[in-house]
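Chain by chain, the residues:
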Amino acid sequence: MSEHTKYLLGEGKIPHAWYNIVADLPSPPPPVLHPGTGQPVGPSDLAPLFPMALIGQEVSAERQVEIPTPVRDIYRLWRPTPLYRARRLEKALGTTARIFYKYEGVSPAGSHKPNTAVAQAFYNKEEGVAKLSTETGAGQWGSSLAFAGALFGLEVKVYMVKVSYNQKPYRRALMETYGARCVASPSNETDSGKAILKKHPDSPGSLGIAISEAVEVAAKNADTKYALGSVLNHVLMHQTVIGLEAIEQMEEADAYPDVVIGCAGGGSNFAGIAFPFIGKALREKKSVRAIAVEPAACPSLTRGKYAFDFGDTGHLTPLVKMHTLGSEFIPPGFHAGGLRYHGMAPLVSHLKELGLIEARAYHQNPCFEAGVMFARHEGIVPAPETTHAIRAAVDEALKAKEEGKSPTILFNLSGHGHFDMQAYSDYFAGKLEDQDYDPKALEASLAHLPKVAAE
């Protein structure tokens, strides 16, 4: 009999509730602060941007939050997602480790992002919202919200980081196919975009800038709310369907991970795969290593300061305590556009401070090398963001080989790279530069962190 390769669950196994790790943490995360008063924000402060149901989830300490039936019904289009044993990769590496990966690229939009996009669209529709504004880096989030907006009859406007807007035209086309409008950011459509262009006419853009534009549109228009694809507590919680399914699938495979790995820009897909396993470890006094992998050119977890900061460049958002490079930091235009964010999710940052997770940073060429190796042995071409997780999984497997150990490694393959083939072409042509961030620019950005008495 051939060896088992994939582990599938029926639709009845789609989780009925999202998991909230706040319930199991040894200490609560710091509050979100109003930039004007320095006091914790209340529901009324967030109401112009988010529907009340999501505001409630953002501050919830309940371990489980029920997934609405309409959301689960849409999840059935692609969930549960498959878990694979990467046997061919193991053989190619000659490792004694067992490598598993959860594949989120089977969603209609091609990544993990619809897990929260569908939920956010649902809650906005329930509150009578007609339009959503958002930002996107590589385009995975923008195309996912466009997909969800189409299903719920919502008008969606996406501000796409300009460097990615130019690099990834087919992501834009996908958003437009779903009915969304895609705008290169910074743009002349908002005050915050105009301000950036006045100072830097050739700005490549950043997620912080695009967030400012999208937030401004929502704040100025009563019929529009803002949707965010990562960073916030409720977004990370919606992604835990990944890890909850993976726990059952690992049991089916008669295995349990020693190491759980995810790439990290804002933190949503890392949290989605890792938080349920970390929570299980906390409740059952088990141990599991969780590794968040970020780009060396935008290393918020490994080089950023843990401090209160704005989530956007235009300073329109509340202050959150997170690992940050400073809201003014603009990273170089490397290909993993979804990881080009100046900060890290407050919850992921809090877990790092508690010693519950590890962080690692890689340059893009070693990541693409790992992505190509994975594609040639496992058949799936990963998104540039996901290659960071693959690089870490490969390194952990090679380390196990050297040490003569046999750990079980699980990583989240958060999306496919079918819209990112220019990046692969550039890699094969030797055009990818391993850029580092500018230390002086980082120092200047961190020097402008807001002064907060709570620290």
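The paragraphs below set out a description of the structure included in this document. (Residues numbered from 1 in each chain as written. Predicted model: local features only at pLDDT ≥ 70, side-chain atom pairs only at ≥ 80, totals over all residues. Heavy atoms only, no water.)

1. Remarks on the sheet that holds strand E9 (residues 224-226)
This is how the line gets drawn: Pairing between strands requires that DSSP locate at least two bridges from one strand to the other. Helix numbers and strand numbers start at the N terminus; a helix is a DSSP run of H or I with at least 4 residues, a strand a run of E with at least 2. Only the contacting stretch of a helix is used when fitting its axis, a line to C-alpha atoms as for every element, and angles between N-to-C directions run 0 to 180 degrees. Contacts are assigned to residue pairs with any non-hydrogen atoms lying within 4.5 Å of each other.
Across the sheet, four strands lie side by side as E8-E7-E6-E9; this open sheet has parallel pairing. Across the chains shown, the open sheet's two edge strands, defined by having one partner strand only, are strand E8 (181-185) and E9. Adjacent strand axes in the sheet meet at a mean angle of 25° when their direction is disregarded. Judged from the five bridges that link them, strand E7 (residues 155-161) and E8 form a sheet pairing that is parallel. When the sheet's bridge partners are listed, Lys157 is paired in E8 with Arg181. Along the sheet, helix H6 (residues 140-152) contacts strand E6 (131-136) and E7; its crossing angle with E6, the most-contacted strand, is approximately 160°.

2. Some words on the pattern of salt bridges
We count it as follows: By definition here, a salt bridge exists when the distance from a side-chain nitrogen of Lys or Arg to a carboxyl oxygen of Asp or Glu is within 4 Å.
Within the structure shown, the criterion is met by 24 salt bridges. Salt-bridge contacts for Arg283 lead to Asp24; the nearest nitrogen and oxygen are separated by 2.8 Å. Residue Arg283 is located in helix H13 (residues 268-284), and its partner Asp24 is located in the loop between strand E2 (17-19) and helix H1 (43-46); the two are separated by 259 residues in the primary sequence. Between Glu396 and Arg360 there is a salt bridge; the shortest N-O distance is 2.8 Å.

3. A closer look at empty space enclosed by the protein
Rules: Using protein atoms alone on a 1 Å grid, points that fit a 1.4 Å probe yet trap it form a cavity, whereas open point sets bounded by protein on both sides within 12 Å along at least five of seven lines form a pocket; residues with an atom within 4 Å of a point count as lining. Grid points are joined across faces, edges and corners, and a volume is the space filled by probe spheres set on the points. Residue classes follow a fixed rule: Ala, Val, Leu, Ile, Met, Phe, Trp, Tyr, Cys and Pro count as nonpolar, while Asp, Glu, Lys and Arg count as charged, and any other residue, Gly among them, counts as polar.
Scanning the entire structure with this criterion turns up four cavities of 30 Å³ or more. Of the voids in this model, the second largest cavity is the one considered here, and its volume is about 270 Å³. Phe50, Leu228, Leu232, Thr317 and Pro318 are the residues nearest the centre of the second largest cavity, which is lined by 19 residues in total. Among the elements that line the lining of the second largest cavity, the one with the most residues is helix H2 (residues 52-59), at three residues. Classifying every residue of the lining of the second largest cavity by side-chain character gives 15 nonpolar, three polar and one charged.

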